[in-house]
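# Fold and contact review
Spelled out from the first residue to the last, the chains are:
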Amino acid sequence: MLSRRSFIKMCASTFVSVSYAELLFQVPTSSGSGNRQIPVLVYHRVGYTTDNFTVTPERFTTDLETLQYYGYCAISLEQMQSFLEDRNIEMPDKPILITFDDGYLDNFENAYPILKKHNMIATFFIITDKLWTPDRLTPQRIVEMAEGGMSFGSHTVTHRRLGELTWEEIREELTISKAVLESVLGKTVTAIAYPQGSYNDNVITLAKNLGYTTGFTVREGICRKESPEFELRRIPIFKYDGGIRGVIANRGGI
Ligand SMILES: [Zn+2]
């Protein structure tokens, strides 16, 4: 059985066939297990729809292969949360958290097989009112993906902007989405991604009171040792972006 420490350090992505010399030459400076910068990518859809939030399966494949080539290790939501609990904990040398917002069905049909093929993992934030609509993930798909190592968090019930709701409305969005997902997954759900990045102090206070430990925004940036756990920055990925490495550098500010 894995110790907690070896779990934390474990990398879900396989090493591609790059020689050590190539890695020394090409991988940006890393502080080894002391690396305390974690880029959190946010995708929405993988397919051929025309909106700006969709990347093609080919592009998603290229993104994953590029991340692997440069030594990035996809971590789970749980590994991320362990880091947030203990910022000195051992981590893979170049951790990265891949997230998806909105729970589209193409996350299962297109993204999941590509993630599996590359032995990588991701975290999916689900709008629970959409669970039974045709183009979204169903509870059955969510369970299947969870069994395959994927992680899940709340993206609220209705996808309204939390920062503009009343205290009671925020409470409902956080409570019901958490309960629904927990009943689907059979485990505690403690992470939320704020719809459209909207949050305020009431949202953070309620999230803490209701048992969440982690809140993701859409403010551009990278997670660092000092990042507040309810205001985690992410790196949005759009249809017309160039290479993933440049996107991380530009939007992550590294
Ligand atoms: Zn969303």
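Below you will find a few notes about this structure. (Residues numbered from 1 in each chain as written. Predicted model: local features only at pLDDT ≥ 70, side-chain atom pairs only at ≥ 80, totals over all residues. Heavy atoms only, no water.)

## Quick notes on the overall build of the chain
Stated precisely, the cut-off is as follows: Segments assigned H or I by DSSP are reported as helices when at least four residues long, segments assigned E as strands when at least two residues long, and all are numbered from the N terminus. When accessible area is computed with a 1.4 Å probe and restricted to protein chains, residues below 20% of their type maximum are described as buried, those above 50% as exposed, and intermediate ones as partly exposed. The contact rule is simple, with two residues in contact once any of their heavy atoms fall within 4.5 Å. Only the protein chains shown count as cover for residues, and all accessible areas are computed by the Shrake-Rupley method using a 1.4 Å probe.
Per the secondary structure count, the chain includes nine helices and 10 strands. Taking all 254 residues of the chain together, 52% fall into the buried category. Across the chain, every contact between residues at least 6 apart in sequence was considered, and the portion connecting residues at least 24 apart equals 69%. As displayed, the chain offers around 11300 Å² of accessible surface, 53% of which is attributable to carbon and sulfur atoms.

## Observations concerning the coordination of the zinc ion
This is how it is decided: For Na, K and Ca the donor cut-off is 3.2 Å, and for all other metals it is 2.8 Å, counting N, O and S atoms only; because water is absent from this set, sites may look incomplete.
Within the protein, Asp-102 (OD), His-155 (NE2) and His-159 (NE2) serve as the donor atoms for the zinc ion, at 2.1 Å. Since its relative accessible area comes to 1%, His-155 is described here as buried.

## Overview of the packing of aromatic side chains
Applicable threshold: Two rings from Phe, Tyr or Trp (for Trp, the six-membered ring) form a pair when their centres are within 6.5 Å of each other. A pair whose planes differ by under 30 degrees is stacked, one over 60 is edge-to-face, and the rest are tilted. The criterion for a charge sitting over a ring is simple: Lys NZ or Arg CZ within 6 Å of the ring centre, and within 35 degrees of the ring normal.
By the definition in use, this model includes 10 aromatic pairs. With 4.9 Å between their ring centres and 10° between their planes, Phe-100 and Phe-124 make a pair best called stacked. Note that Phe-100 is positioned in strand β5 (residues 95-101) and Phe-124 in strand β6 (residues 123-126), a separation of 24 residues in sequence. One aromatic cluster is present, formed by Tyr-43, Phe-60, Phe-100, Phe-124 and Phe-152 through successive ring pairs. Taking the ring centre of Phe-83 as reference, the NZ or CZ of Arg-87 above it sits at 5.7 Å.

## Points about the environment of Gln-140
In this structure, Gln-140 sits in helix α6 (residues 139-147). Classification of Gln-140 by relative accessible area gives exposed; the value is 60%. The sequence separation of Gln-140 and Val-184 amounts to 44 residues, and the corresponding C-alpha distance is 8.2 Å.

## A look at helix α4 (residues 77-85)
Given 3.6 residues per helical turn, the α-helix brings residues three or four places apart onto the same face. Within α4, seven of the nine residues are buried, which leaves the element mostly enclosed by the surrounding structure. The complete set of buried residues in α4 reads Leu-77, Gln-79, Met-80, Gln-81, Ser-82, Phe-83 and Leu-84.

## Let's talk about the side chain of Asp-106
To keep things clear, this is the line we draw: We call two N or O atoms a polar contact when they sit within 3.5 Å, provided that within protein one can donate a hydrogen and the other can accept it, with sequence-adjacent residues counted only if both atoms are side-chain atoms.
Of note, Asp-106 is situated in helix α5 (residues 106-117). Since its relative accessible area comes to 7%, Asp-106 is described here as buried. Within the structure, the side chain of Asp-106 is placed 3.2 Å from the backbone nitrogen of Val-46, a separation counted as a polar contact. Dropping the residues within four chain positions of it, Asp-106 is found in contact with His-44, Arg-45, Val-46 and Ala-111.

## Structural notes on α5
To keep things clear, this is the line we draw: How far a helix is expected to stretch is found by multiplying one less than its residue total by 1.5 Å.
Between its first and last C-alpha, α5 extends 16 Å over 12 residues, near the 16 Å set by a 1.5 Å rise per residue. Those residues of α5 that fall on the buried side of the exposure criterion are Asp-106, Asn-107, Phe-108, Ala-111, Tyr-112, Ile-114 and Leu-115. Residues of α5 that are buried sit in contact with β2 (45-46), α3 (57-69), β5, β6 and α6. In the stretch just after α5, Asn-119 is the one whose phi turns positive, near 55°.

## Some words on the nonpolar core
How we decide: Side-chain atoms within 4.5 Å link the members of a nonpolar core, which is a set of buried Ala, Val, Leu, Ile, Met, Phe, Trp, Tyr and Cys residues.
Residues Leu-41, Phe-60, Leu-67, Ile-98 and Phe-100 are the most contacted members of the largest nonpolar core, which totals 37 residues. When residues of this core are traced back to their parent elements, those giving at least two are β1 (40-43), α3, β5, α5, β6, α6, α7 (167-185) and α9 (244-252). A total of five residues in this core trace back to one element, the largest contributor, which is α5. Once residues lying within four places of it in the same chain are set aside, the contact partners of Leu-67 are Leu-41, Tyr-72, Ile-96, Ile-98, Met-120, Ile-244 and Ile-248. Counting 17 residues, the second largest nonpolar core, distinct from the first, contains Ile-38, Ile-75, Leu-77 and Leu-97.

## Some thoughts on the packing of α7 against helix α8 (residues 201-209)
Applicable threshold: For helices, the axis comes from a line fit to the C-alpha atoms of the stretch in contact; other axes are also lines fit to C-alpha atoms, and the angle between any two N-to-C directions lies between 0 and 180 degrees. We call two directions roughly parallel when the angle between them is under 35 degrees, roughly antiparallel when it is over 145, roughly perpendicular when it lies between 65 and 115, and oblique otherwise. Helix crossings get a hand from a simple test, with the near helix turned counterclockwise from the far one by less than a right angle marking a left-handed crossing and a clockwise turn marking a right-handed one. Amino acids outside the nonpolar list (Ala, Val, Leu, Ile, Met, Phe, Trp, Tyr, Cys, Pro) and the charged list (Asp, Glu, Lys, Arg) are all regarded as polar, and Gly is one of them.
Across the interface, α7 lies against α8 with an axial gap of 10 Å and an inter-helix angle of 45°. As the angle between them shows, α7 and α8 are arranged oblique. Both α7 and α8 take part in a crossing whose hand is right-handed. Of the residues in α8, those touching α7 at Trp-167, Ile-170, Arg-171 and Leu-174 are Asn-202, Val-203, Thr-205, Leu-206 and Ala-207. Grouping the constituent residues of the contact of α7 with α8 by class yields six nonpolar, two polar and one charged.

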